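Structure at a glance
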Amino acid sequence: MAGGGSAANSNSPTAVRIVVAGDRGTGKSSLIVTAAAEAFPTNVPPTLPPTRLPEDMFPDRVPVMVIDTSASMENRGKLADELKGADAVVLTYACDKPSTLDRLSTFWLPELRRLEVRVPVIVVGCKLDLRDEQQAVSLEQVMSPIMQQFREIETCIECSAFKHIQLPEVFYYAQKAVLHPTAPLFDQEAQTLKPRCVRALKRIFILCDHDRDGALSDAELNDFQVKCFNAPLQPSEIVGVKRVVQEKLPEGVNENGLTLTGFLFLHALFIEKGRLETTWTVLRKFGYNNDIRLCDDQLLPPITRTLDQSVELTSEAVEFLRGVFSLFDIDGDGALNAHELEDLFSTAPENPWSEAPFANAAEKNALEGLSLDGFLSEWALMILLDPVRGVENLIYIGYADDPSSAIRITRRRRVDRKKKHSDRNVFQCFVFGPKEAGKTSLLHSFVGRPFAEGYTPTTEERYAVNVVDQPDGRKKTLILREIPEEAIEKLLVEKDALAACDIAVFVHDSSKESSWIRATELLVEIASHGESTGYEVPCLIVAAKDDLDPYPTAIQDSTRVSQDMGIEAPIPISAKLGDFNNIFRRITRAAAHPHLSIPETEAGKTRKQYHRILNRSLMVVSVGAAVAVVGLAAYRVYAARKNASS
């Protein structure tokens, strides 16, 4: 890899906006005018209009727009707006006025942080020709402590507009800091590639290692060079590249070619030598943006669907994931341990399952390994909650087909109700209930976690996902979403709150009447919301803590409510005893038949009765009108015949 010249492409900015700021009299306007006109001005206005520097001034051929600013107090608001819109900031000080240098660390750099301006900063010492050479101190000595404190400083440079010293370099470095920023790639303090950069380069290496032997052969290196830099490598250049690597890092080359370690070493070497454009060109050729994530045009296009349609993996994507699971199950124990899972996601920007809602959402074995069912369940959850991010991660781990082929959009749930059957493979169940009802224990038992005696209140939503075997041998994925009691009111503010819900479960502590009363209140709330919005959902009641004695009127109360609302009687379970009464299969079965188990409130029944009467009345009116029309037609025939005979 010879690291050819830089090339702007579709993933680079089309123009770079550089804002120049600093104390009054530090040479901002003279710097801009002289760089643009290549002549030092005799008269300079206090603040210049926006100045465009032509693209042929720069190797990347990307034009630069330079914005001059005023440091006066009355223009402070405009200055803030300009800084917030910058791609890069040039901060100036005067080499003949040490106080203006001090102001960088006491005012200007803290001000950028206060305004949350997170762009590269180039510090420029102007009026180099006026500096007292008797008191000259090296730029490195002056700037090193400031750069230690303010890591956003990309480069420091001194220049003279009057003597035309290093003027083009100022804006070249500023543009380069935007097009080829250091921060995403390299940790200056540790002098190493950043983790996300390593992960992206590893993925690129694997994509280029066509024979999968763990090394880039001479032919593969040449193909890589042509793809990234539009120029082949000569045999002598390939030998030279490998020699450089082998001298510094023997394990960087083996009998098959350049190893991943060697590939990463080369990029670190380019960056250390200031040739960031080489690594950025590689990343952008493989579709990465400045955040070192794949650009939107590499990902799933926008999905068009209604709110009661969900997104699932296709059978092709599931088969791909089965293959990935087998590939990374190195020890062949039928589960992915933490190390194997980290290795699997080592070509993604980060492990997407390391935090909520995915962390601990699926069942793990005694050694914290994720089974195939658990692995596929996590993917089902990710695709359901965030299809774009889910498919993005599929691509990172090697899915090479059209991203759209990885997902399917399910039928509308109201269509499923009419057809009396759902075609979904993944069901989402909202779990409601009062505090201490046993909601969390239900979720824990679903993913094989042991029963816990102590009570820990749930303060935010959590998920549990697993595969549920069906009586006919098929598998369905069930997602339980626990909704804390305090969050229900906020949830129901949204009209479409139940659009994503395939089934709702209401858990109560069967030993406490107060728990039952609150659970039935929630049931009526959810049923009423569904009736008023058109998002009616099947509902089941779960009588938890069946190992305790029920409160005295539990049977009568439950019978009355289930009969009044037209749903199944409460299902008794005991997480403590491990007796779950086939609850998860029953939830899945109810979700698969969305026309059943839908509760009716009194208001809903009244509304339905009213519509029946109204429809019946309209039918009578329409029949009467039809009879009248027929009668009129008969009369006209009769009259016509009479006229004809006379």
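Residues numbered from 1 in each chain as written. Predicted model: local features only at pLDDT ≥ 70, side-chain atom pairs only at ≥ 80, totals over all residues. Heavy atoms only, no water.

This paragraph deals with the packing of helix α13 (residues 372-385) against helix α14 (residues 387-396). When two helices pack together, their arrangement is given by the angle between the helix axes and by the axis-to-axis distance. Where α13 meets α14, the axes come as close as 5 Å, and the angle between the chain directions of the two elements is 135 degrees. Of the possible angle classes, the one that applies to α13 and α14 is oblique. Note on element contacts: α14 touches α13 through P387, R389, G390, V391, N393 and L394, opposite W379, M382, I383, L384 and L385. Split into classes, the residues belonging to the contact of α13 with α14 amount to 8 nonpolar, 2 polar and 1 charged. (Axes fitted to C-alpha atoms, helices over the stretch in contact; angles between N-to-C directions. Helix = DSSP H or I, 4+ residues; strand = E, 2+ residues; numbered from the N terminus. Parallel < 35°, antiparallel > 145°, perpendicular 65-115°, else oblique. Contact = heavy atoms within 4.5 Å. Nonpolar A, V, L, I, M, F, W, Y, C, P; charged D, E, K, R; others polar.)

To continue, consider the packing of helix α9 (residues 260-272) against helix α10 (residues 276-285). α10 packs onto α9 with a crossing angle of 135 degrees between their chain directions and a minimal axis gap of 7 Å. For the element pair α9 / α10, the angle class is oblique. For the pair α9 and α10, the contacting residues are H267, F270 and I271 in the first and L276, T278, T279 and V282 in the second. Taken together, the residues that form the contact of α9 with α10 break down as 4 nonpolar, 3 polar and no charged.

The next thing to look at is the sheet that holds strand β20 (residues 539-544). Taken together, 6 strands build an open sheet; the order of strands is β17-β18-β16-β19-β20-β21 and the sheet is mixed. Sheet topology places β17 (462-469) and β21 (571-572) at the edges, where each strand pairs with a single neighbour. The strands touched by α13 are β16 (426-432), β17 and β18 (475-482); relative to β17, the strand with the most contacts, the crossing angle is about 125 degrees. On top of the sheet, helix α18 (residues 513-533) reaches β16, β19 (503-509) and β20; it is set at about 165 degrees to β19, its chief contact. (Pairing = 2+ DSSP bridges.)

Moving on to the pairing of strand β4 (residues 88-94). The element β4 is largely enclosed, with a buried count of 7 among its 7 residues. Of the two faces of β4, the one lined by A88, V90, T92 and A94 and the one lined by V89, L91 and Y93 are each fully buried. Here β4 pairs with strand β5 (residues 121-126) via 6 bridges, running parallel. The residue of β5 that forms the bridge with V90 is I122. (Buried < 20%, exposed > 50% of the residue type's maximum accessible area, 1.4 Å probe, protein only.)

The strand order β2-β3-β1-β4-β5-β6 describes an open sheet built from 6 strands, whose pairing is mixed. Of all strands in the sheet, those with a lone pairing partner are β2 (51-53) and β6 (153-158), marking the two edges. The sheet shows a mean angle of 25 degrees between the axes of neighbouring strands, direction not considered. Those strands touched by helix α4 (residues 139-149) are β4, β5 and β6, and its axis lies near 155 degrees from that of β6.

With that settled, consider the state of the cysteines. Using the criterion set out here, one finds 0 disulfides in the structure. C208 provides the cysteine sulfur closest to C228, a residue in no disulfide bond, and the two sulfurs are 6.5 Å apart. On the accessibility criterion, C228 (2% relative accessible area) is buried. (Disulfide = S-S within 2.5 Å.)

Looking now at α9. Between the first and last C-alpha of α9 there are 18 Å, a value that for 13 residues agrees with the 18 Å anticipated at 1.5 Å per step. Looking one or two residues beyond α9, the residue adopting positive phi is G274, at roughly 80 degrees. (Expected span 1.5 Å × (residues − 1).)

Another aspect to go through is unusual backbone geometry. Residue P357 follows A356 across a cis peptide bond; omega there is 5 degrees. On the secondary structure map, P357 appears in the loop between α12 (338-344) and β14 (370-371). Positive phi outside glycine occurs at H164, with the angle close to 55 degrees. Tracing the sequence through the fold places H164 in the loop between β6 and α5 (167-179).

A word on the environment of T51. Residue position: T51 is located in strand β2. Overall, the relative accessible area of 16% leaves T51 in the buried class. For the pair T51 and K439, spaced 388 residues apart in the sequence, the C-alpha separation amounts to 63 Å. Leave out the neighbours within four places in its chain, and T51 touches I32, A36, V64, M65 and V66. Of note is the side chain of T51, whose polar atom sits 3.1 Å from the backbone oxygen of P49. (Polar contact = N/O pair within 3.5 Å; in protein donor to acceptor, adjacent residues only side chain to side chain.)

Okay, the nonpolar core next. Among the nonpolar cores identified, the biggest contains 73 residues, and I204, F375 and W379 are the most heavily contacted of them. Among the elements that make up this core, the one with the highest residue count is α13 (8 residues). Setting aside residues up to four positions removed in sequence, F375 forms contacts with L321, V324, F325, L336, L341, L344, W353 and L370. (Core = buried A, V, L, I, M, F, W, Y, C linked by side-chain atoms within 4.5 Å.)

If you walk through the whole model with that rule in mind, you get 36 salt bridges. Between R61 and E55 there is a salt bridge, and its shortest N-O distance comes to 3.6 Å. On the basis of relative accessible area, R61 is assigned to the partly exposed category, the value being 48%. In this structure, the salt-bridge partner of R408 is D423, at a minimum N-O distance of 3.1 Å. Pair noted here: R408 is in strand β15 (residues 407-409) and D423 is in the loop between α15 (413-419) and β16, with a separation of 15 residues, a long-range link. On the basis of relative accessibility, which here comes to 27%, the residue D423 falls in the partly exposed class. (Salt bridge = Lys/Arg side-chain N within 4 Å of Asp/Glu carboxyl O.)

Attention now goes to the environment of P59. Within the secondary structure, P59 sits in the loop between β2 and β3 (64-68). P59 sits 117 residues away from K176 along the chain, and the two C-alpha atoms are 9.6 Å apart.

Helix length check: α18, at 21 residues, gives a terminal C-alpha distance of 30 Å against a target of 30 Å (1.5 Å per residue), a fit within 8%. Residues S515, W516, A519, T520, L522, L523, I526, A527, H529, G530, E531 and T533 constitute the buried set of α18. Just downstream of α18 lies G534, where phi reads positive at about 85 degrees.

The next point concerns the side chain of H529. As for its position among the elements, H529 is in helix α18. A residue is classified by how much of its surface remains accessible, and H529, at 10% relative accessible area, is buried. Apart from the residues lying within four places of it in its own chain, the contact partners of H529 are L492, E494, K495, A497 and L498.

So, about the packing of aromatic side chains. Here the structure, examined in full by the defined rule, presents 16 aromatic pairs. Taken together, a centroid distance of 5.4 Å and an interplanar angle of 20 degrees make the contact between F432 and F506 stacked. With F432 in strand β16 and F506 in strand β19, this residue pair connects regions lying 74 residues apart in the sequence. Neither F432 nor F506 differs from the other in exposure class; each is buried. (Phe/Tyr/Trp six-rings, centres within 6.5 Å; stacked < 30°, edge-to-face > 60°.)

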